[in-house]
Amino acid sequence: MNFKLILGITSIVLFTSLLMYNFGNSIDSYVNFEQAENRGSAHVVGSWDNTQEWGFSRETMRFTFYMKDEDGNVRRVIYPKPKPNNFEQATQLVVIGEMRNDVFFANDMLMKCPSKYNDADEAEFTQAEQG
Amino acid sequence: MAGTFGHIFLSAAFVASIAALIAYTLSAYKESKSMERVSDWLWRLKGASLLISSGILIYLIMTHQFQYYYVWNYTSLDLESHYLFSAFYGGQEGSFMLWILCSFVVGLGLIRWTRPPYKAPVMAVMALTQVFLLSMVAGWDLSWMTLGASPFRTIAQEMPNAPFIQANPNFVPADGSGLNDLLKSPWMMIHPPIIFVGFSMMTVPFAFAIASLWTKTYNEWIRPALPWTLAANLCLLTAIFLGGYWAYETLSFGGYWAWDPVENASLVPWMIGTAGIHAMIIQRKSSRAHKAALFLSILAYVAVVYQTFLTRSGVLGAQSVHSFVDLGLYGQLLLFILVMTLMGIGFYIYRYKEIPSPEKESQILSKEFMTFTGSMLLLILGLVIIFGTSSPLIGQFFVDNPTPPEISFYNQWSMPIAIIMAIFTVIGQHLFWRKYTWETLAGAMILPLLLTSAASAISIIAGDVGNISYMIFIFAGWFAVFGNGAILFHLLSRKPKLIGGALNHIGFGVLLLGIIASSVYTEPLLDQRAENYNKRVEAGTVFDEEGFPVTQPVEMFELQIDQPKLVNDRWMVTYEGFDVSNAPRPGQQSYRVKFEPIDGGRSFYVDPVVYPMLTTSSQANVEWSVDPHVRTGIFEDIYFYVAGSKYVEKENERVSEQSQMMPVSGVQTAEQDTAQTVEIARGEIIEAGDFSLQFIDFRPATEEQLPENTQVGIRALVRVEHTPSGSAYEIEPLFAVYTENERSFTYSPPLTIDAWDMDLKFTRLLPESESIEISIDGPINDFEEDWVLVVAETKPFVSVVWFGTFLLMAGFSVSIFRHWSREKQTQNDFIDDEDDELEDISQA
């Protein structure tokens, strides 16, 4: 009985710490472009800088634009997929990927789009792949 | 006016639910029959007012009364009537009403069928959940807070400070903002009702568990509760399936499962409910696991409420694709989850010492141990998924500003747990029907293990599986199929009514196989150019403009019209053009793409659709959405969508030019005459821009096509070729000279080549040189052929995922009938043939 109790408690502790460890590793903080420079994968929040050159190139099959993060750093973002359809309307972008040599290579992109007419609380997130 | 009535009836339902709660609690407390009858009538009264107010809401939607915010926000004039009806539960408020309606009907069933001593306490708990749910839509304006958000509030009440309301308080919009185009799908019409029936039924085991703790009768409650729990699970499973199928068919995520918080939120109650079913079955058969059965029944409903909290309070707002609009219900939802958790878990702890527990530990090789382990594994997996889904809340203890966990977090945990589960299902199912020692069990496992090894070897070789954990996963899946298949085989001939469990566990194995095949072995479709490019990316020999190596592979390709491309060394794929139509969605384009297998199989077409999202598009910017084509097959699906096309690009240019065009007088912004003329002698070929024109010969013109008083009428056979692509058309434009009022006129009707957006006219005839003059109007210099940008994948064995799901549904259905008929006949002398063992099960 005592042995089983110890075994039970040990396995619960093991399970919980493994879960915590794994969970802690698989989540991340949202960062800005400068902080993203020295890490592997990063989530950066910001908005599209529409004053600079942008667009999808059918030659390189990549979508390129400039994004301004929440602290005002502007960087070029390369997204190897077609331009998401609701891109221009997005009030906020989240790019997920890697920063290399001042260029952000996004593997994924989320867009926060305002719905028609309403105020900020009715904003909705849509995934980039959502055509 | 009607809205006021709706609001009154909804409020009446709320009051009646409070009255029913008090009445049921009193009758449970006093064990009074007459009080119970009063309570039943209060329940029905609540249902009646709820039905009336729902009817009024549907009426408002059907008659397009856009002064109501809910009607304006989710419908529009052009919506088909079946979608108008489903808009009733399309929004946050209406979906709460649907949930309440379903719970009301479930309550009627409980009133009819529940035996004493459980009826009154069970109904008291049901009434309590109704009070909470109704408070979410009551819309009572108390002085310090608003209680819930009523679907009957008007735009003026919703946005009192909006300028157009201040200018005109009786403002009624001409049209609504419409239902989201993505939700216009038959799957999305039936998904919500099924999920709410499931949620309502999941309340029943919770209510029975509370009633059992209340009445201190810990044995009998599972008999009536078990069929309800099974039915709840069947509904949730069906709803999860429909949601997954919709996501796969409609969205361009490229899959049926994305570990999205909303998907997880419906999966976790299902898992905990299934864990509870396992505990209930042990309790029924062996009088053990009373504590687990109670605990899991409580937890399953708490999970339902928790998922409601996560998806509807706005906590997930930043993380999920489809969380609900935040209606400011955070406080009410938090109270709901706290009361349910504290009542359930608190009561459980309070009674903990009284709940029977087994005198001696069960052996490892027993059905109790195996089933219980299965139950715990389901619980653990459920908790891991809840943990990941709650990252906006829990993640704050780890990092600031937490992001959602990576997908790999879910996969790393669910894969090993699923493998252990698969093995336990086989041993557990064998022990469930017969006693085994380790030796006899090993004997019974020989045949299933042989079959499993053979099937795994074939799958691993055929699928070229290199990853060791995938190999184990595949082995576990096949083992669940064959091990439980042996049980099914024996039951079918002897006790076919009892095959529910065996079917479920086979379905689980099939599901595992389908999931691994379809998710890990998904491959993008690529043309040779993209394939070569990706090979060079992998080798690190592609550099971008700044000279740094490119690391991201390309996962799309382009098709030019009528130019076949070899794709994945399997098909010649040809884009053959598109049609624009206005049904079912205005302005949608349906693209025709032909697949011809190079090994000589039957060719087929896919026709993906692109359409403008009218609800979110504006004058200056069209927002396009795609409807992928999924070609379903037994061995693989082809998932195909158009991510860009020349048409879409031109439309975007046109729309943005229009919106920038200023109405300046005197400035001619209209199209200039771009027509160009060429002279061609018979048999000659003339180059014009990217095109070449060959005048082949004259052709006679038929009488009826010519104007009256024609003197000369002739056609010219002209071959027009687009030089870079080689595509060509032969046309026969007409030239005529006729007289009217004694004056001569020429008649040269234009012929249009749609694909090139080009008009051609036969403008002059030069008989002396046997030449003709052709006028070409269209983009002949920078002419671009029609093209589409394609994103496509092959997904092997998605059909197996659906098949596994169907097996699970079938298994649950069989079990529901069996446990329900036993519960109905429980007072009669029902002979339970499950309890005698299957002696000859190992004679396989």
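Residues numbered from 1 in each chain as written. Chains lettered and ligands numbered in written order. Predicted model: local features only at pLDDT ≥ 70, side-chain atom pairs only at ≥ 80, totals over all residues.

## Notes on the overall build of chain B
Note the cut-off: Numbering of helices and strands starts at the N terminus; helices are DSSP runs of H or I of at least 4 residues and strands are runs of E of at least 2. What counts as a contact here is a pair of residues whose C-beta atoms, placed from the backbone, lie within 7 Å.
Scanning chain B for helices and strands turns up 22 helices and 23 strands. Considered along the principal axes of its C-alpha atoms, chain B spans approximately 115 × 75 × 60 Å. In chain B, the share of contacts with a sequence separation of at least 24, taken over all contacts with a separation of at least 6, comes to 69%.

## Focus: the sheet that holds strand β22 (residues 771–777) of chain B
All names here are of chain B. So the rule is basically this: When DSSP finds at least two bridges between two strands, those strands are taken to pair. Lines fitted to C-alpha atoms define the axes here, with helix axes fitted over just the stretch in contact, and angles between the N-to-C directions of these axes take values from 0 to 180 degrees.
Ordered in space as β13-β22-β21-β20, the four strands form an open sheet in which the pairing is antiparallel. The open sheet has two edge strands with one neighbour each: β13 (676–681) and β20 (751–753). Sheet twist, expressed as the average angle between the axes of neighbouring strands with direction ignored, equals 30°. Sheet topology note: the β20/strand β21 (residues 758–766) ladder contains three bridges and is antiparallel. Residue pairing for β21: Thr752 is matched across the bridge by Asp759.

## Re the pairing of strand β2 (residues 41–48) of chain A
Residues and elements named next belong to chain A. Pairing geometry for strand β1 (residues 30–31) and β2, over two bridges, is parallel. The partner of Tyr30 across the bridge, within β2, is His43. Strand direction decides the pairing type here: β2 and strand β6 (residues 92–100), joined by six bridges, are antiparallel. By the bridge assignment for β6, Ser41 is matched with Glu98. Both β2 and strand β4 (residues 62–69) contribute to a ladder of three bridges, which runs antiparallel. Across the sheet, the residue bridging to Ser47 is Lys68, located in β4.

## Focus: the domain arrangement of chain B
Going by this rule: The domain limits used here are those given by an automatic or database domain assignment.
For chain B, the domain assignment lists domain 1 (1–184), domain 2 (208–215 + 222–315 + 327–390), domain 3 (555–659 + 788–795) and domain 4 (676–776). Each partner contributes to the interface: domain 1 of chain B provides five residues, whereas domain 3 of chain B provides five residues.

## Topic: the nonpolar core
Soluble, globular proteins show a tendency: their nonpolar side chains are buried together. What counts is decided by this rule: In this description, a nonpolar core means buried residues of the types Ala, Val, Leu, Ile, Met, Phe, Trp, Tyr and Cys, linked to one another by C-beta atoms lying within 7 Å. With C-beta atoms placed from the backbone, a residue is labelled by how many other C-beta atoms lie within 10 Å of its own: buried for 20 or more, exposed for 12 or fewer, partly exposed between the two.
Counting 219 residues, the largest nonpolar core has Leu296, Leu512 and Val790 of chain B as the members making the most contacts within it. Examining the composition of this core, we find that 17 residues originate from one element, helix α10 (residues 222–250) of chain B, more than from any other. Counting residues in each nonpolar core, the second largest holds 25 residues, with Phe33, Ala36, Ala42 and Val94 of chain A among its members.

## Examining the confidence of the model for chain B
Residues and elements named next belong to chain B. Heads up, the condition is: On a range of 0 to 100, pLDDT expresses the predictor's confidence in each residue.
In this model, chain B carries an average pLDDT of 86, and 93% of its residues clear a pLDDT of 70 or more. Across residues 835–844, confidence stays below pLDDT 50; counting only partners more than four residues off in sequence or on other chains, it has 14 contacts. Model confidence for the complex is summarised by a pTM of 0.84, with the ipTM given as 0.80.

## Observations concerning unusual backbone geometry
All names here are of chain B. At Glu31, a position not held by glycine, the phi torsion is positive, near 50°. Checked against the element boundaries, Glu31 lands in the loop between α1 (2–30) and α2 (33–62). Judged by local crowding, Glu31 falls into the exposed class, with 12 C-beta atoms found within 10 Å. Phi at Phe797 takes a positive value of approximately 60°, unusual for a residue other than glycine. For Phe797, a count of 24 C-beta atoms within 10 Å gives the class buried.

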